[in-house]
Amino acid sequence: MRQPDIARQTEKSAEEPYLSVHDLVVKFPSEDGVVNAVEGVSFSVARGKTLAVVGESGSGKSVTALAIMGLINRKSATVKGEVWLDGQELVDSNDNQVRKLRGSKMAMIFQDPMSSLHPFYRVGAQLGEAARVHRKISKAAARAEAIEMLSRVGIPAPKRRVDDYPHQLSGGMRQRVMIAMALINSPALLIADEPTTALDVTVQAQILDLIAKLQSEFNTAVILITHDLGIVADVADDVAVMYAGRVVESAPTSKLYGNPEMPYTLGLLSSIPRMDRERTDRLDPIPGNPPSPLRHPSGCVFHPRCKYKEMVPNNACAEVRPDLLEAEPAHFVRCHLPVETRKKIASEALNVSGGGATLGGTVSAAAAAAAAAASVQ
Amino acid sequence: MAAYIVRRVLLALMLLAVLSVAVFVLFNMLPGDPARLTCGKACTPDLIAANRHRLGYDQPVLTQYTNFVSGIFVGRVFSADSPKPIQCNAPCLGYSFNQHEQVMTLITRAAPVTFWLAIGAFILWIFIGVTVGIFAALRRGRWQDRIIMGVSLAGYSLPSFFFGLLLVFFVIIKWKWLPFPSYVSPFVDPVKFLQTMILPWIVLAILYAAFYMRLTRNQVLEVLNDDYVRTARAKGLPERTVVVKHALRAGLTPIVTAAGLDLAGLLGGAIISEDIFSLPGLGALSVDSITNSDLPLITGITLLTAALIIFANLVVDLLYAVVDPRVRLA
Ligand SMILES: Nc1ncnc2c1ncn2[C@@H]1O[C@H](COP(=O)(O)OP(=O)(O)OP(=O)(O)O)[C@@H](O)[C@H]1O
Ligand SMILES: [Mg+2]
C-alpha cells in the first residue's frame, strides 16, 4: 500500500530516467562577487540505479543536491536550468509544489548525522513528523511506522530507541535514523550527500550496504555524493565527475574506471592508494588547487592543472570552453584532447605500475576494476 | 533529572554561602568607621564607642558574620545591654541605625514597588523584543530588517535617564497627560498605579527591548542555518512549521536564560528609573543607603540581590533542562 509508485514504475520503460538534470546553474551573490557554485551540471538517474557524483571539495556537489531538492534559498541565490523529476520540472515550479515532493518523492541524507537531527525532539517524533507531513495517518500509526523503519535500518531495540533523543545515539545510529527518516515515505529518489564521511570506516561500509539493500527493496534511484572514488566502484552504476561546478566526465562505472578520458578523472583515479606501489609514489595527487568559484579560469576550467594541455593546438584549452560531448555511447567528456590521444594517455597512466597486482581494502576495488579494465584494452 | 535538580540546588546554596562571606568581609574592610557615621556632627569619642558597641562593630568580623547569619534564622537583639534593646525578628537582616528601622522592614516596603516595575517592563520588553527580533530575522537584509536594527541601535544607545527625563518633562509637566508619579499599590488604586508605572515601564522596556531584538534576531538567524533546520525543510515541512517548531524552539532557549537573569537583576532595583520617577523601590533604597553610608542596609540589599540572582540562575538552569534534553546529562 505504501509503495504505489513502484507498481507504476515497472510498467514504464526501465531506461527512462526518474530524475534528469539539464544545465543546472546555481550562483550565490556575495560581497566578494558572484560565487559560481554550479555552472552547467547535467546527469540523469533511473529507478533502481545508483549515480555517484564525485569531485574535490568545493566542486559543487552539495549545492547541486540542494538545488535538486529545492533547498537553495531562491531569495539569496539564482537557480537556472532544468530538473525533471518523474515528468515534472522543478526549477520553475513554485515553492509549495516542490515542498510537497520533498520527503515524499525525493529525500536526502546529509553529510553530518551529528547535527542533522533536532536536539530537542525524540527520534520517534522526528520520524513520525516526516511521515505525517505527507500522509494523513494518526500519531500512533506514525509511531508504529517509525519503529518499523528503525528496525529496517538495523537499529537494535527499536521500540526503546524510538523514545531516545539524538544525543543518546552514536554517529552511525544517527545516520541510520536519518536514512530511516529519508525512506519513511518510500521516496523514488534518494540523494545521499557524503553519508559516511563523518563515520568510522567500519560503520561506513555498513551504511553503504544498508543504502544498497533498501535501494533494491524500494527500487529507489540513488545519487551518492562522495569524494571517495574507492567506494564508488562497488556501489555505483554510473559516475559523474564534477570539477569547478561542472560535470567534466560521466559514464557507466566500469567504463569510467577502465577508460577515463578526461585528465582530471585520470588524476583522481591514479591518486587512489594502491598496495602494490611504494609508499612514496602511492599517491599521485593532481598538482595545484581547484579554482575559486569567484573566478573560474577561461577555456577549460581544468587547464591550469592539466599536464596535457600542450597537446591541443591553438592554445584552445586556455581559450575555448569545451562542451560535455558524448565520446562513446553513454560516455560524456568535457575535454579538447582528441579521443585517440585521451585513450592513449589513460592506458599508459593506468599501466605504469602494472595491472593485475594484488590490492587491499574496499578502496582498492576501484583500482582493481580500473587495472583489470585497462589491461583488457 | 532529580539528581540534576538536587545538584543544582546544593550548588546554589554553596554559592550563596560563599558570596555572603565575601560581601560581609569586603564591606567590613571598607575604609571609614561605620560607627563614626552614625552620629555626624554630634559625635563625641564616647558616643562613637557606644554606637560601635551597639552596632556590634567592636566584635571580630567572624563573630559579626555568625551573628548576622543566626539573625536570619532565629532573629537577634541589638543593644542588648542598653536600657532600650532592639528586638529584630527572624528573618533579621540587620538594623539600620540611620533610619531606625529593621533592614527587613525597609526592604519589604520597597520590594513591591520594584517588583511591579520590573514585571511590567519585563512583559513589555520580552513581547516587543522577541516578536520584532523574529520578524527582523525572517526579513533579513531587507528594508524591514534594516529599519528595525537601526531603531534598536538607537534605543540601545539612548541614555535611559535622558529619555526618562524627556518623558517626564513633556508627558507630565508640559502636556499634563499624566499626573505626577506617586506610587500606590495596584490593589489600592489600580488607575493611579497604572498612571504612575506606565512611563517607567516604557523607559525600562525600551532599553531592554532594543537589546532583545538584536539578541533574538541573531539567535534566530543562527539557528535558521543549522543542519537540523535544513533537515526539517528536507522533510517537506511547511516553512511555518520549520520556523516555529524547529528553529524557534532551539533558537529561543538561550533567550530564556538571558531574560531570567535580566529580570533578576532588575528585581534587585532599577536605580535610574526609580530615581527619575520617584519610585520608592529597592533601587532608591540602595541609593539612600549608599549616600548615608548605612552599612547594615547596604549589606542587606546586596545580599538579597545576590540571593535573587543566584535563585534566578537556578530557575533558568532547571528550565533549560526541561527544554533541552542534552542538559540533563551534564
Ligand atoms: N549558501 C552559499 N552561499 C555562498 N556560497 C556557497 C553557498 N553554498 C555553497 N557555496 C559555495 O559553493 C561552492 C560549492 O560548494 P559545495 O558545498 O557544493 O561543495 P562540495 O562539492 O559539496 O564540497 P565538499 O566535498 O566539501 O562537501 C563552494 O565554493 C562553496 O563555498
Ligand atoms: Mg558537500
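Up top is the structure.
Every chain is numbered independently, its residues counted from 1 as its sequence is written. Lettering for chains starts from A, numbering for ligands starts from 1, and both go in the order in which the items are written. Whole-chain, interface and lining totals are the exception, using all residues; otherwise, since this is a predicted model, local features are given only for residues with pLDDT of at least 70 and side-chain atom pairs are given and counted only at 80 or more. The basis for the side-chain values is all heavy atoms of the structure; hydrogens and waters are excluded.

**Observations regarding the interface of chain A and chain B**
What makes two residues a contact is simply this: any of their non-hydrogen atoms within 4.5 Å. At the interface, 25 residues of chain A touch 23 residues of chain B. Accessible area that two parts lose when put together, evaluated with a 1.4 Å probe and summed over both, is termed the buried area. Buried surface at the junction of chain A and chain B, summed over both partners, amounts to about 2,200 Å²; 62% is from carbon and sulfur atoms. For this document, the term salt bridge refers to a Lys or Arg side-chain nitrogen within 4 Å of an Asp or Glu carboxyl oxygen. Across the contact surface, chain A and chain B share 2 salt bridges. Residues B:Lys235 and A:Glu129 are paired through a salt bridge, measuring 2.7 Å at the closest nitrogen-oxygen approach. Contacts described as polar in this section are N or O atom pairs within 3.5 Å, which, within protein, must combine one atom able to donate a hydrogen with one able to accept it, while residues neighboring in sequence count only if both atoms come from side chains. In this assembly, chain A and chain B are joined by 13 residue pairs in polar contact (both at pLDDT 80 or more).

**Digging into the environment of B:Ser157**
All names here are of chain B. Mapped onto the elements, serine 157 comes out in helix H5 (residues 143-157). Residue serine 157 is classed as exposed on the basis of its relative accessible area, which comes to 53%. Separated by 54 residues in sequence, serine 157 and phenylalanine 211 have C-alpha atoms that sit 9.8 Å apart. Helix and strand assignments follow DSSP, with helices taken as H or I runs no shorter than four residues and strands as E runs no shorter than two, numbered in order from the N terminus. Accessibility here uses a 1.4 Å probe with only protein chains present; expressed as a share of the type maximum, an area under 20% marks a residue as buried, one over 50% as exposed, and anything in between as partly exposed.

**So, the nonpolar core**
Counting residues in hydrophobic clusters, the biggest one holds 78 residues, and the most contacted among them are A:Leu19, A:Leu24, A:Phe43, A:Ile68, A:Leu189 and A:Ile223. Ignoring sequence-local partners within four residues, the contact set of A:Phe43 consists of A:Leu19, A:Ser20, A:Val21, A:Leu51, A:Val53, A:Thr64, A:Ile68, A:Ile223, A:Ala240 and A:Val247. Listed in part, the 48 residues of the second largest apolar core include B:Phe193, B:Val229, B:Ala232 and B:Leu266. In plain words, nonpolar cores are sets of buried Ala, Val, Leu, Ile, Met, Phe, Trp, Tyr and Cys residues tied together by side-chain atoms within 4.5 Å.

**Here we look at the site of ligand 1**
Residue and element names in this part refer to chain A. Taken together, 15 residues form the shell around ligand 1, and within it Ser57, Gly58, Lys61, Ser62 and Val63 come nearest. Taking glycine 58, its main chain carries an N or O atom lying 2.8 Å from an oxygen atom of ligand 1. In the environment of ligand 1, an oxygen atom lies 2.7 Å from a nitrogen or oxygen atom belonging to the side chain of serine 62. What sets the accessible areas is the Shrake-Rupley method with a 1.4 Å probe; for residues, cover comes only from the shown protein chains. Contact with the protein chains covers 65% of the free accessible surface of ligand 1, which is 640 Å². Of all the secondary structure elements, the ones that give two or more residues to the shell around ligand 1 are strand S2 (33-45) and helix H2 (61-69). Considering every element that reaches the shell around ligand 1, the biggest residue donor is H2, with 3 residues. Residue polarity follows a fixed list, in which Ala, Val, Leu, Ile, Met, Phe, Trp, Tyr, Cys and Pro are nonpolar, Asp, Glu, Lys and Arg are charged, and the others, Gly among them, are polar. Of the residues belonging to the shell around ligand 1, the class tally is 5 nonpolar, 7 polar and 3 charged. A cutoff of 4 Å decides nearness: a residue is near a molecule or strand if any of its heavy atoms lies inside that distance of it.

**Concerning the pattern of salt bridges**
Scanning all chains against the criterion turns up 19 salt bridges over all chains. A salt bridge links A:Lys105 to A:Asp86, with the shortest nitrogen-to-oxygen separation between them at 2.9 Å. Highlighted residues: A:Lys105 in the loop between helix H3 (95-101) and strand S6 (106-109) and A:Asp86 in the loop between strand S4 (78-85) and strand S5 (88-89), separated in sequence by 19 residues. One salt bridge connects A:Arg152 with A:Glu217, and the closest N-O pair in it is separated by 2.2 Å. Here A:Arg152 is found in helix H6 (residues 139-152), whereas its partner A:Glu217 is found in helix H9 (residues 201-218), with 65 residues between them in sequence. A network of salt bridges, in which partner residues are shared, links A:Glu129, B:Lys235 and B:Lys245.

**Observations concerning unusual backbone geometry**
All names here are of chain B. Note the cis peptide between alanine 90 and proline 91, where omega equals -5°. Inspection of the secondary structure assignment puts proline 91 in the loop between strand S2 (86-88) and strand S3 (95-96). One non-glycine residue with positive phi stands out, namely lysine 176, at about 55°. Here lysine 176 shows up in the loop between helix H6 (160-174) and helix H7 (190-224). When its relative accessible area of 62% is taken as the criterion, lysine 176 is described as exposed.

**Quick word on the packing of aromatic side chains**
Stacked, tilted and edge-to-face are the three classes applied to pairs of Phe, Tyr and Trp rings, where Trp contributes its six-membered ring and a pair requires centres within 6.5 Å; stacked means planes under 30 degrees apart, edge-to-face means over 60, and tilted covers the rest. Tallied over the entire structure, the rule returns 19 aromatic pairs over all chains. Between B:Phe24 and B:Phe68, the aromatic rings sit 5.2 Å apart at their centres with planes inclined by 50°, giving tilted as the arrangement. In this pair, B:Phe24 is assigned in helix H1 (residues 2-28) and B:Phe68 in helix H3 (residues 61-74), connecting sequence segments 44 residues apart. For B:Phe68, a relative accessible area of 4% puts it in the buried group. Between B:Tyr183 and B:Phe193, the ring centres sit 6.2 Å apart and the planes meet at 75°, which makes this aromatic pair edge-to-face. Of this pair, B:Tyr183 sits in the loop between H6 and H7 while B:Phe193 sits in helix H7, and the two are 10 residues apart along the sequence. Comparing B:Tyr183 with B:Phe193 shows no difference in burial state: the two are buried. Taken together, B:Phe115, B:Trp116, B:Tyr183, B:Phe187, B:Phe193 and B:Trp201 form an aromatic cluster joined through their ring pairs. By the criterion adopted, a ring carries a charge over it if an Arg CZ or a Lys NZ lies within 6 Å of its centre and within 35 degrees of its normal. When the ring centre of A:Tyr18 is taken as origin, the NZ or CZ atom of A:Arg47, which lies over that ring, is 5.5 Å away.

By themselves, these are just geometric observations and shouldn't be taken as functional.
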